[in-house]
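Residues per chain are reported as follows:
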Amino acid sequence: MKKPNMKSQLKNNWKLFLIASLTLGFAPFNPPHILGKIQWVLGGNAFSAENGMQGQDWFDVLLHGLPWVLLLISILLNIFGLLTKKGSQ
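Bear in mind the structure is a predicted one, so any value in this text is a computation, not a measurement. (Residues numbered from 1 in each chain as written. Predicted model: local features only at pLDDT ≥ 70, side-chain atom pairs only at ≥ 80, totals over all residues. Heavy atoms only, no water.)

Colleague: Give a detailed account of unusual backbone geometry, specifying residues and quantitative values.
Modeller: Put simply, Ala27 and Pro28 share a cis peptide bond, and its omega is -25 degrees. You can see Pro28 is positioned in the loop between helix H2 (14–23) and helix H3 (33–42). (Helix = DSSP H or I, 4+ residues; strand = E, 2+ residues; numbered from the N terminus.)

This is the structure we're talking about:
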């Protein structure tokens, strides 16, 4: 039996990534950590000396942001797969 490669796993597990995004990606729910961390980074204060983000804050960005990144990659792979399948017909 052929072992599935990384691309097919990313493409086929979109439901898992959606569930992870809606749960872990938004946790805690009021307000979601990821939104605060994104505002912190985009505001420019994440890299300041006195108010900069610590290691735990960057881990928080990774933990709460990774499901969203995986979901986006999965959606793009599925869209690209549909477009290439349509183009080859």
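From this point, the discussion proceeds with the structure in view.
Colleague: Lay out the environment of Leu63 in plain terms, naming residues and giving numbers.
Modeller: Along the chain, the position of Leu63 falls in helix H4 (residues 55–88). Here Leu63 falls in the partly exposed class, since its relative accessible area comes to 32%. C-alpha of Leu63 to C-alpha of Lys11: the two residues are 52 residues apart in sequence and 21 Å apart in space. (Buried < 20%, exposed > 50% of the residue type's maximum accessible area, 1.4 Å probe, protein only.)

Colleague: Now, about the pattern of salt bridges: what can you tell me, with residues and values included?
Modeller: In a structure, side chains of opposite charge can pair up when their charged atoms sit close to one another. Applying the stated criterion to the full structure yields two salt bridges. Put simply, Asp57 and Lys37 hold a salt bridge, and the shortest N to O gap is 2.9 Å. Of this pair, Asp57 sits in helix H4 while Lys37 sits in helix H3; the two residues are 20 residues apart in sequence, bridging distant segments of the chain. Taken individually, Asp57 and Lys37 each receive the classification buried, so the pair is uniform in this respect. The network of salt bridges with shared partners includes Lys37, Asp57 and Asp60. (Salt bridge = Lys/Arg side-chain N within 4 Å of Asp/Glu carboxyl O.)

Colleague: Residue-level account of the packing of aromatic side chains, with values.
Modeller: Where two aromatic rings form a pair, the distance of their centres and the angle of their planes describe that pair. Under the defined criterion, the tally for this structure stands at one aromatic pair. When the ring of Phe26 is compared with that of Trp68, the centres are 5.1 Å apart and the planes differ by 65 degrees; the resulting orientation is edge-to-face. Placement of the pair is Phe26 in the loop between H2 and H3 and Trp68 in helix H4, with a sequence separation of 42 residues. On the accessibility criterion, Phe26 (28% relative accessible area) is partly exposed. (Phe/Tyr/Trp six-rings, centres within 6.5 Å; stacked < 30°, edge-to-face > 60°.)

Colleague: An account of the environment of Ala27 is requested, with residue identities and associated values reported.
Modeller: The residue Ala27 is located in the loop between H2 and H3 in this model. A C-alpha to C-alpha distance of 21 Å links Ala27 and Ser74, two positions 47 residues apart in sequence. Apart from the residues lying within four places of it in its own chain, the contact partners of Ala27 are Pro32, His33 and His64. (Contact = heavy atoms within 4.5 Å.)

Colleague: Got a sec to walk through the packing of H2 against H4? Specific residues and values, please.
Modeller: H4 packs onto H2 with a crossing angle of 150 degrees between their chain directions and a minimal axis gap of 8 Å. In terms of orientation, H2 lies roughly antiparallel with respect to H4. Handedness of the H2/H4 crossing: left-handed. Between H2, through Trp14, Phe17, Leu18, Ala20, Ser21 and Leu22, and H4, the contact on the second element is made entirely by Pro67, Trp68, Leu70, Leu71, Ser74 and Asn78. Taken together, the residues of the contact of H2 with H4 sort by class into nine nonpolar, three polar and no charged. (Axes fitted to C-alpha atoms, helices over the stretch in contact; angles between N-to-C directions. Parallel < 35°, antiparallel > 145°, perpendicular 65-115°, else oblique. Left-handed = near helix turned anticlockwise from the far one by under 90°. Nonpolar A, V, L, I, M, F, W, Y, C, P; charged D, E, K, R; others polar.)

Don't take any of this as a statement about function, it's just geometry.
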